[in-house]
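Coordinates in review
Now for the letters of each chain:
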Amino acid sequence: SSSGPIIAGIAGMLNVITFCLLLFMVMETTKRSGTFDMMIDFAVKHCKNPRQAEIMCAVLGSGSAFLTAQNTSCICIMGPVVRSILKPFGIERTRGANIIDSFCVALTGLIPYGISLMMLYVWQWTRVWCPRACPPPPWSRIRSTASCWW
């Protein structure tokens, strides 16, 4: 039938599918235009030791996170670039993944147009203007006899 669970599931995932398609289109366009190769060549040419390569990966990851405002998109886009920068210096792929993940997540949590701060704004707005829509958390009802939490 037209209202079955499979149709409803596909309809619910349509936004995610469209986002993923657009993300990979942008990635392929930048790869074919040579932008990734220029970034890799610039980074490898200016890095003289493994520490500088790690710092360059952190800077590129932070810049990508600042531009995309999403950590997952940043990691998907910059992952191959970071891997290519760290390879000549013999740095493990897991180390590069940790570097880019930590910087992307931290920066997207700090920029004012990132999703995490937007959700915080919405949560605070509903608590102030619609207290019944967002009740206080359950731990706020717990009474303590101690004067300090420690």
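Residues numbered from 1 in each chain as written. Predicted model: local features only at pLDDT ≥ 70, side-chain atom pairs only at ≥ 80, totals over all residues. Heavy atoms only, no water.

A count of helical and extended segments in the chain gives seven helices and zero strands. The linear arrangement of helices and strands in the chain, starting from the amino end, is α-α-α-α-α-α-α. By the burial criterion, 27% of the 150 residues in the chain qualify as buried. Within the chain, counting contacts between residues at least 6 apart in sequence, those at least 24 apart form 64% of the total. Accessible surface for the chain amounts to roughly 11,100 Å². Of this, 68% is attributable to carbon and sulfur atoms. (Helix = DSSP H or I, 4+ residues; strand = E, 2+ residues; numbered from the N terminus. Buried < 20%, exposed > 50% of the residue type's maximum accessible area, 1.4 Å probe, protein only. Contact = heavy atoms within 4.5 Å. Areas by Shrake-Rupley, 256 points an atom, 1.4 Å probe, with all protein chains shown as cover.)

Per the stated rule, a full pass over the model turns up one disulfide. In this model Cys20 remains outside any disulfide bridge; the closest cysteine sulfur is found in Cys76, 7.8 Å from its own. Residue Cys20 is classed as partly exposed on the basis of its relative accessible area of 32%. For Cys57, which is in no disulfide, the shortest distance to another cysteine sulfur is to Cys47 and amounts to 7.3 Å. The buried category is assigned to Cys57, whose relative accessible area is 1%. (Disulfide = S-S within 2.5 Å.)

Bringing the confidence of the model for the chain into the picture now. Fine structural detail should not be taken from predicted coordinates in areas where pLDDT scores are low. Residue-level pLDDT values for the chain average 80, and 82% of them are 70 or greater. Per-element confidence in the chain ranges from a low mean pLDDT of 72 for helix α7 (residues 115-129) to a high of 89 for helix α4 (residues 50-68). Here residues 146-150 is modelled with pLDDT under 50, and outside its nearest four sequence neighbours on either side it reaches zero contacts, counting other chains as well. (pLDDT = per-residue confidence, 0-100.)

Further remarks concern the pattern of salt bridges. Within the structure shown, the criterion is met by three salt bridges. Ionic pairing is found between Glu28 and Arg32, a salt bridge with its closest N-O pair at 2.9 Å. Pair noted here: Glu28 and Arg32 are both in helix α2 (residues 14-33), with a separation of four residues, about one helical turn. The residue Glu54 makes a salt bridge to Arg95 at a minimum N-O spacing of 3.0 Å. Of this pair, Glu54 sits in helix α4 while Arg95 sits in helix α6 (residues 93-110), and the two are 41 residues apart along the sequence. The network of salt bridges with common partners includes Glu28, Lys31 and Arg32. (Salt bridge = Lys/Arg side-chain N within 4 Å of Asp/Glu carboxyl O.)

With respect to the helices and strands, Ser62 occurs in helix α4. Judged by its relative accessible area of 18%, Ser62 falls in the buried class. Of note is the side chain of Ser62, whose polar atom sits 2.8 Å from the backbone oxygen of Ala58. Look past the residues within four positions of Ser62 in its chain and what remains in contact with it is Phe103 and Leu107. (Polar contact = N/O pair within 3.5 Å; in protein donor to acceptor, adjacent residues only side chain to side chain.)

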